[in-house]
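Structural overview for review
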Amino acid sequence: MRRVLSGLIAAVFVAAMVIGGGEAFASKGTIKIGSVYIFSGFAATYGQFAKQGLELAVDEINKSGGVLGKKLEVYFEDSHAKPPIALRAIRKLVYEKGVDFLIGLDSSGVAKGVVPYLKELKVPLLITHAATPDVTGSQCNKYTFRVSVNINQNVMAAARIAAKTKAVKWTTIGPDYAFGHQSWEYFQKYLSKLNPRAKFMKTVAFPKIATEDYSPYITAIMAAKPDGVFISLWSGDLVNFIKQANKMGFFNQGYTVLMSLGAATEVLYALRDQMPTGVWVGTRYWFLANNSPVNKHFVEAYKARYGVYPSYNAQNAYAAVYALKAAIEKAGTTDRMAVIKALEGLKVEVPAGDIYIRPGDHQAVLNVTWGSTAEDPKYPIRILKPMVIFKGEEVTPPVWETGCKLQ
Amino acid sequence: MKGMAKIGVLVLTIAFLFLFPQFAGAFPVLFLTEIIIFSLFAMSFNLLFGYTGLLSFGHAAFFGLGGYAMALLAQHYHISMIPSLFISMVVAGASAAIIGFFCIRRDEIYFAMLTLGFGMMVFTLVHQWRSLTGGSDGITGFEVPVLDLMVKKFQLFSPWSFYYFALVVCLIFTLFLWMVIHSPFGLILRSMRENAERVSFIGIDIKFYRWIAFIIAGLVAGVAGGLFAMYDRMASPSMVHWTMSAKPVLMTILGGSRVFFGPVLGALIFYLLEHTITQYTQSWMIFLGAILIPIVIFFPEGVLGTLISWGKRFMKGAGHGG
Amino acid sequence: METLLINILNGLCYGMLLFIISLGLTIIFGVMGVLNFAHGSFYMLGAYLGLWLALHLHSFWLALLVAPLLVGALGAISEIALLRPLYNRDVSFQLLLTFGVLLILDDAVKLIWGAGYHSIDAPKGLSGTVHLLGSTYPVYRLFIAIIGPVIAVVLWFFFHKTAWGKMIRAAAMDREMASAIGINVPLLFTAVFFFGTLLAGMAGVLAAPLRAVGPAMGDNIIIAAFIVVVVGGLGSFVGAFAGAIVLGLVEALGVQFVPHLQMALPYMLLALVLLVRPRGLFGSE
């Protein structure tokens, strides 16, 4: 028994030495950014693209003298697409690495788990991908901003496209978590307003994340004989779904197919010519949607450095760094509260175009791109032809509708 | 003399645990909080495994149910901490009574498979009942209940105050488990582990004793789960999944299942290894596997168990020499 | 009605994969008394190796021949090096040891092939679809649903008509007797583990064109395989076949009829069988 306890004590002391070593504090010369994305599992490529976009922005800024004369320094952590792991990662970044600001988050589920905790951490977070309306709606708080397109904006655009098609009977295939269910909920809400004749079927499919075999779900949807199918699967799940759906003849049935995140270049590169043509796909940024010098520079620099066209996740991470830079420069300090003030109402040009961060709910207002997939010999992947661009103001619901009460 | 030393070491350890936050930053304090909570979870598992001889592969069901009960209470009812934790414990214990009623009818592999089956049924329940549990996103965005001690109210937001609360709760339930194991009831459990047939010959209802042990283990796992949901500010299906059930199994085997504090040392080793290894590589599971295998082959008594038997042999040798 | 038939086909297709995996698992348990937690990881390894070999050898069929042998060899090595010292210990130690193997294999494929998902096309001639029951259906799925029973028949002959097969069955029934009549038990154990993991690897290669190949595929299938062997009866050949078909159908039809309960159905089946017929549908008392 004595050994038990002495062993225990020794172990606890070792533990103390290993982890009690020292809490890092923000050093004077640098601005530390903590970044959490998915680096493993079904969406690992998303984390990789975001990291590339973020590093590109940081290197550009550091080369041209940093922000307020300070260099940017980034620490990455993997969320594994799981809320508890993401929370742990953020605690580690803030408490152990001592980061000043946070950028990142894929997955609505992760965002819903992490965002409420920011009130305790008191560290601003710029969300670049997670799209649930809740984090700039019912859950909104002073520390949470989003520089990317959210579900409302993307799905509002989808509903406008859907309203112009002949499809009446609609169903959905989406991932079984917040994002999939909310996408379908908003699609029904918006489309029923635009097209009162639209019917929403009882047969819907919500396979769980990282499903390996979609055939039972594909069979169920095909058996229900819909006119239109709204698909909110994304990442590796969407890739697997499309490959299996191709084999089962899903795309030859004459359905109108809308994929809310089908124009992610991660997906298009993974599929190449296996991506069906004539399918409506949405995205949170499209590298050919904007002819501005800022976008041209970004696409060229990204292609030169990484050999592929940037995805929305890459652009959003890149844009977040520049938005943060603009806010810090506007505030004239790296003080978190001052930067929060500066972010509210910030207007900044990023590759996706001009974005405006609303003070009311901290959601960015920006243009939303949809398009129909087409072949083009100039590109190794499917591109959007025709392309439809929706003005940000047209597809963003007013603040009062979001349920956010920041003031 | 020996007893005095034991008490001395115990007092020192507890004193260290209480003083630790005074000189450590937020991250080490959070880190130790997690270790303490998982130590309690693993010890509750070991009441079944080490002391009753039943390998449960569904213990996360009670950990998770405790967590969900806590999160739901915090989200909807805003009652204070101690009653919330008590209800979490009762919810977990009641489900352990129902699930245990069936599981204790089988042993060995069949018990492990039954607990796995029931554990995953609970998992699908929390995963599918979206309106109550939030589905795969779990329950998030609630506030940590106030700790109301009649004379004074405490907010448990900061890592430090939550650490102290978790520490005190875990110490109380560790003492409780210690008393259970060292009671006549605990003695019967251990003799059942050694030879169930012989125990049943002297007229003891084995199933009943196993059932009570199952319920106690479930109660304590529920407390650990309730604490963990507060610590994480969320209850998510991963708390109930079989991979979560595997954690206390691993910790207990690492530390030693036949020693009371084995699971505690196991939890500590588990987290220290994870923290150290993930600083260099993402593939920490390879290392965990590579450490687990030799322990299973060469040190079946676990790290602490092996240290103790070495110590005993050394003392004996020294005794002969002197 | 057509949907029902298509879903039955889906279920049979998945069931046949499960059968090949579970057969390996149940033979290993029957003969050696080891519940191999890493069995799903050997299946996953088979899928990755199959994918990789098919890419480099330019032949799916060659990959189907070579990959299972490699997986079986790795299985045999781990049996000799790791499991041998544990035969006289409690079953929980073997379960934990194979859990350690699972941890290593799962992370190793991530290191070698990355954390993302992979897929390959079905081999030429089996890659199209056929018109069936007023709908289209992939040929490869039909192929799997048919190949399963063929494999079952071949294996049944192996176990009942060949000397090795008879020896394995004898050892599965009574280990001490087998050793008394002069069977080299350690060699037999290694052979059985080789053969069992080979089957897992073969199922992996066959699954690669059907399903997404990723690092979690072993963890996902092992629980299903456990359910199959426990429901069918640990160590029972017929049980593995019946259990796999039942579970395959339960999963596929569950999506159609009770989508909300679908996830829970396999576990309910497991618990029910264990409580009513503890040794499984075809297990011996």
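These lines cover the structure that appears in this document, whether it is placed above or below. (Residues numbered from 1 in each chain as written. Chains lettered and ligands numbered in written order. Predicted model: local features only at pLDDT ≥ 70, side-chain atom pairs only at ≥ 80, totals over all residues. Heavy atoms only, no water.)

Looking only at helices and strands, one finds 11 helices and two strands in chain C. Listing each helix as α and each strand as β along chain C from the N terminus yields α-α-α-α-β-β-α-α-α-α-α-α-α. A principal-axis box enclosing the C-alpha atoms of chain C has dimensions of 60 × 45 × 35 Å. Counting across all 285 residues of chain C, residues that qualify as buried make up 59%. Here the analysis covers contacts within chain C between residues at least 6 apart in sequence; of these, 78% occur between residues at least 24 apart. Surface summary for chain C: the accessible area is close to 10,700 Å², and the carbon and sulfur share equals 71%. (Helix = DSSP H or I, 4+ residues; strand = E, 2+ residues; numbered from the N terminus. Buried < 20%, exposed > 50% of the residue type's maximum accessible area, 1.4 Å probe, protein only. Contact = heavy atoms within 4.5 Å. Areas by Shrake-Rupley, 256 points an atom, 1.4 Å probe, with all protein chains shown as cover.)

Secondary structure summary: chain B contains 14 helices and four strands in total. Computed over its C-alpha atoms, the radius of gyration of chain B comes to 20 Å, within 12% of the 20 Å expected for a compact globule of 322 residues. Oriented by its inertia axes, the alpha-carbon framework of chain B measures out at about 65 × 50 × 45 Å. For chain B, the proportion of its 322 residues judged to be buried stands at 61%. Considering only contacts in chain B between residues 6 or more positions apart, those separated by 24 or more positions represent 76%. Accessible surface, chain B: about 12,700 Å² in total, of which carbon and sulfur atoms supply 70%. Once the 18 positive and 12 negative side-chain charges of chain B are each reduced to a mean point, those two points are 8 Å apart. (Rg over C-alpha atoms; globule rule 2.2 N^0.38 Å. Lys, Arg positive; Asp, Glu negative; His and termini not counted. Charge placed at Lys NZ, Arg CZ, Asp CG, Glu CD.)

All right, on to the packing of helix 2 (residues 39-57) of chain C against helix 9 (residues 217-232) of chain C then. All names here are of chain C. Helix 9 packs onto helix 2 with a crossing angle of 135 degrees between their chain directions and a minimal axis gap of 7 Å. As the angle between them shows, helix 2 and helix 9 are arranged oblique. Two packed elements cross with a definite hand, and for helix 2 against helix 9 that hand is right-handed. Judged by residue contacts, His 39, Gly 40, Ser 41, Tyr 43, Met 44 and Ala 47 of helix 2 engage Met 217, Gly 218, Ile 221 and Ile 222 from helix 9. Of the residues in the contact of helix 2 with helix 9, the class split is six nonpolar, four polar and no charged. (Axes fitted to C-alpha atoms, helices over the stretch in contact; angles between N-to-C directions. Parallel < 35°, antiparallel > 145°, perpendicular 65-115°, else oblique. Left-handed = near helix turned anticlockwise from the far one by under 90°. Nonpolar A, V, L, I, M, F, W, Y, C, P; charged D, E, K, R; others polar.)

On to the interface of chain B and chain A, then. How big an interface is tends to be reported as the loss of accessible area on association of its parts. Every contact between the two is made by 45 residues of chain B and, on the other side, 37 residues of chain A. Taken together, the two surfaces of chain B and chain A that pack against each other cover about 4,100 Å², and 70% of this comes from carbon and sulfur. Summed over the three residues of chain B that lose the most area to chain A, namely Phe 16, Phe 27 and Asp 137 of chain B, the buried surface amounts to 14% of that side. There are four salt bridges connecting chain B and chain A. Arg 233 of chain B is paired through a salt bridge with Glu 120 of chain A; the nearest N and O atoms lie 2.5 Å apart. Linking chain B to chain A there are seven residue pairs in polar contact (both at pLDDT 80 or more). Breaking the side of chain B that touches chain A down by element, the ones donating at least two residues are helix 1 (2-23), helix 2 (26-52), helix 5 (108-128), helix 10 (206-232), helix 12 (262-278) and helix 14 (302-321) of chain B. Element by element, the count of residues in the side of chain B that touches chain A is highest for helix 1 of chain B, at eight residues. (Buried area = accessible area lost by both parts, 1.4 Å probe. Salt bridge = Lys/Arg side-chain N within 4 Å of Asp/Glu carboxyl O. Polar contact = N/O pair within 3.5 Å; in protein donor to acceptor, adjacent residues only side chain to side chain.)

With the rule as written, the count across this model stands at nine cavities of 30 Å³ or more. Within this model, the largest cavity holds a volume of roughly 110 Å³. For the largest cavity, the lining is made up of 13 residues, of which Lys 247 of chain A together with Pro 138, Arg 141, Pro 209 and Leu 210 of chain C are closest to its centre. When residues of the lining of the largest cavity are traced back to their parent elements, those giving at least two are helix 9 (235-247) of chain A together with helix 5 (139-161) of chain C. Here the lining of the largest cavity gets three residues from one element, more than from any other, and that element is helix 5 of chain C. (1 Å grid on protein atoms, 1.4 Å probe; cavity = no way out; pocket = protein on both sides within 12 Å on 5 of 7 lines; lining within 4 Å. Points joined across faces, edges and corners; volume = space filled by probe spheres on them.)

Another aspect to go through is unusual backbone geometry. Residues and elements named next belong to chain A. Geometrically, the link from Lys 385 to Pro 386 is a cis peptide bond, its omega value of -5 degrees lying close to zero. Its location among the elements puts Pro 386 in strand 15 (residues 383-390). At His 80, a residue that is not glycine, the phi angle is positive and equals roughly 50 degrees. When you line up the elements, His 80 lands in the loop between strand 2 (71-78) and helix 3 (83-96). Judged by relative accessible area, His 80 falls into the partly exposed class, the value being 29%.

Looking now at the sheet that holds strand 4 (residues 125-127) of chain A. All names here are of chain A. Here we have five strands laid out as an open sheet, ordered 2-1-3-4-5, and parallel in their pairing. Every interior strand has two partners, whereas the edge strands, strand 2 and strand 5 (144-146), have only one. Averaged over all pairs of adjacent strands, the angle between strand axes in this sheet comes to 25 degrees, irrespective of strand direction. Sheet topology note: the strand 1 (residues 30-37)/strand 2 ladder contains eight bridges and is parallel. Of the residues in strand 2, the one forming a bridge with Thr 30 is Lys 71. Along the sheet, helix 3 makes contact with strand 1, strand 2 and strand 3 (101-104), crossing strand 2 at roughly 150 degrees. (Pairing = 2+ DSSP bridges.)

On the side of chain C, 38 residues touch chain B, which itself brings 36 residues to the contact. Of the roughly 3,600 Å² buried at the junction of chain B and chain C (both faces included), carbon and sulfur atoms supply 82%. Area buried by chain B at its contact with chain C is led by Tyr 110, Met 113 and Trp 242 of chain B, which between them contribute 19% of it. Taken together, chain B and chain C are joined by zero salt bridges. Among the elements of the structure, helix 5, helix 11 (242-255) and helix 13 (284-298) of chain B are those that each provide at least two residues to the side of chain B that touches chain C. Top element by residues in the side of chain B that touches chain C is helix 5 of chain B. It accounts for 13 residues. Counted by class, the side of chain B that touches chain C contains 28 nonpolar, seven polar and one charged residues.

Each regular strand carries side chains that alternate between the two faces of the sheet. All names here are of chain A. Here strand 9 (residues 256-259) shows no split at all, with Thr 256 and Leu 258 on one side and Val 257 and Met 259 on the other all buried. Where strand 8 (residues 228-231) meets strand 9, four bridges bridge the pair, whose relative direction is parallel. In the strand pairing of strand 9, Ile 231 is matched with Met 259. On the question of chirality, the crossover connecting strand 8 to the parallel strand 9 by way of helix 9 is right-handed. Looking at chain direction, strand 9 and strand 10 (residues 280-282) are connected through two bridges and run parallel. Its bridge partner lying in strand 10, Met 259 is registered against Val 281. (Right-handed = clockwise from strand over helix to strand, strands pointing away.)

Honestly, that's just the spatial picture; any functional story needs more than this.
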